[in-house]
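Residues per chain, in single letters:
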Amino acid sequence: MKFIFLILLFGCGQRQLPEAPYRARIIASVGGNYVAKVVDYTYLNDVVHMRGSIGEIKGHAKVNLNADYDDVVATGNTDQLYKTVGNSVELNFHLESNVIIPNDMASMEMLGLYYGYEQTISFWQKEFDLDLDVSGKPVLHFNPELAYTSSQEQTVGTQKMNAAFFSTAGDFLFYKTSDQEEIPIKMNYGIIAHEFGHYVFHLRFANNDDSVYKLANGKTTEIDGINEGVADFLSYVVTGSVNEFEKSLPALGEQRSMPVSWTYSSLMLASCYGSYYCKGSILASALHEAAQTLGGVPVAQLIWDALPYFKEDWRNYGTTSGFDYDYFLNRIVEQGSASQKITLCASFKKWFDKSSIVLGDCS
Ligand SMILES: [Zn+2]
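Heads up: these notes are all about the structure in this document. Bear in mind the structure is a predicted one, so any value in this text is a computation, not a measurement.

**Some words on the packing of helix α3 (residues 105-128) against helix α5 (residues 189-204)**
Then, number 1: The geometry of α3 relative to α5 is characterised by a closest axis approach of 9 Å and an angle of 55° between their N-to-C directions. The angle between the axes of α3 and α5 places the two elements in the oblique class. For α3 against α5, the interelement crossing comes out right-handed. Taken together, the residues of α5 that come into contact with α3 (itself represented by L113, G116, Y117, Q119 and T120) are Y189, I192, A193 and F196.
Then, number 2: Across the contact of α3 with α5, the residue classes break down as 6 nonpolar, 3 polar and no charged.

**Looking at helix α6 (residues 220-239)**
Then, number 1: Here α6 spans 28 Å end to end across 20 residues, near enough to the 28 Å set by a 1.5 Å rise per residue.
Then, number 2: Judged by how many residues are buried, α6 sits mostly within the fold: 16 of 20 residues are covered.
Then, number 3: Directly after α6, the chain includes G240, whose backbone phi takes a positive value near 75°.

**A closer look at helix α9 (residues 296-317)**
Then, number 1: Between its first and last C-alpha, α9 extends 29 Å over 22 residues, near the 32 Å set by a 1.5 Å rise per residue.
Then, number 2: For α9, every residue scored as buried is listed here: G296, V299, A300, L302, I303, W304, A306, L307, F310 and W314.

**Remarks on the environment of F201**
Then, number 1: Mapped onto the secondary structure, F201 falls in helix α5.
Then, number 2: By C-beta crowding, F201 is classed as buried, having 23 other C-beta atoms within 10 Å.
Then, number 3: With 92 residues separating them along the chain, F201 and T293 place their C-alpha atoms 23 Å apart.
Then, number 4: Among all residues touching F201, those that are not within four sequence positions of it are N227, V230, A231 and L307.

**Things to note about the nonpolar core**
Then, number 1: Membership of the largest hydrophobic core comes to 88 residues, with the highest contact counts inside it found for M110, L113, Y114, L234 and I303.
Then, number 2: Examining the composition of this core, we find that 10 residues originate from one element, α3, more than from any other.
Then, number 3: For Y114, the contacting residues outside a window of four places in its chain are L44, M50 and I57.

**Description of the sheet that holds strand β13 (residues 153-158)**
Strand pairing in a sheet takes place through backbone hydrogen bonds and is either antiparallel or parallel in direction.
Then, number 1: Spatially, the 4 strands line up as an open sheet ordered β7-β6-β12-β13, and their pairing is mixed. Across the chains shown, the open sheet's two edge strands, defined by having one partner strand only, are β7 (82-84) and β13. Across the sheet, the axes of successive neighbouring strands diverge by a mean angle of 35°, strand direction being ignored.
Then, number 2: As paired elements, strand β6 (residues 62-64) and β7 share 2 bridges and run antiparallel to each other. Bridged to V63 within β7 is Y82.

**A short note on the pairing of strand β12 (residues 145-150)**
Then, number 1: Sheet analysis places β6 next to β12, joined by 3 bridges and oriented parallel. Residue V63 lies in a different strand from β12, and its bridge partner there is L146.
Then, number 2: Relative to β13, β12 runs antiparallel, the two sharing 6 bridges. Following the sheet pairing, L146 is matched in β13 by G157.
Then, number 3: Here β12 hands over to β13 after 2 residues, with S151 in that stretch at a positive phi of 35°.

Definitions and cut-offs
Residues numbered from 1 in each chain as written. Predicted model: local features only at pLDDT ≥ 70, side-chain atom pairs only at ≥ 80, totals over all residues. Axes fitted to C-alpha atoms, helices over the stretch in contact; angles between N-to-C directions. Helix = DSSP H or I, 4+ residues; strand = E, 2+ residues; numbered from the N terminus. Parallel < 35°, antiparallel > 145°, perpendicular 65-115°, else oblique. Left-handed = near helix turned anticlockwise from the far one by under 90°. Contact = placed C-beta atoms within 7 Å. Nonpolar A, V, L, I, M, F, W, Y, C, P; charged D, E, K, R; others polar. Expected span 1.5 Å × (residues − 1). Buried ≥ 20, exposed ≤ 12 C-beta atoms within 10 Å, placed from the backbone. Core = buried A, V, L, I, M, F, W, Y, C linked by C-beta atoms within 7 Å. Pairing = 2+ DSSP bridges.

The quantities given are spatial measurements derived from coordinates; they are silent on function.
Dropping the structure here:
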């Protein structure tokens, strides 16, 4: 009887818990190809609830679409941004030789998301000394819902097939996976690194202040496009891969993989349907080309240094009819050494081939 008791104790009792640092078998990018791979985690210290020193994954958040964003920005009180801030998740897994094996798709996605996030943060810590305790530790919302209340009824919608940096809250939203995604977006290293590119833009351009983007009659489309182009380029610098997005959504390849097939003068003819993304992709392509000579990290450094100056240009000239990408391009060139300037100017002139773009530092 004692023997049977022991089997019960180990067979059906408390699940065996691994100890950090964790190893897990997931589907992860190897140079842009997604394969089954055993990976090591550095920052994750509670795998059951997907919490670690760089942030945690939460489930069941409801983003409050009724929130008064002007009020939030003015007061800094972010309480109303969520109807439900989300709860702890619980990973469903088993162990094989002390390696965590996810038991379902959601658990696979959470492990993949956290791994991509860890790799991205490792890059920013190593190359830019980024400290999340200072710049703000985000929550990674897993399958968040969007809630809107009209008179009596509450409408809860879900977004699918997308990811976002929610700058007002400083959090990330990784929406429900659709059946059109070949590799779930939330497991895509390039997309995770792209979203974190928006975090970096928000930190350096806006200094974490949402009100900076809102300029009465400002040319917001230009800022949005520059934000996207920078995020795409930074994703390339972090991952070393230019075609990561299309591993999730093949249609994104033609529109976003660097370099794109159009320049500023042929933008109207481009087979690109993402409006301001299309101009942002010219910026990403120009930066990518310069990085082939100067290196990705040095070009990222120029962007990092240029963004606070560009914010001043946005404040001073963002409502004028002439406000365009050249304000940002000139600030990047300004940060470069003499030899970097030559490479940057050649690339910027090639991609922004329109007389309205004036590159003062390049003449
Ligand atoms: Zn984006």
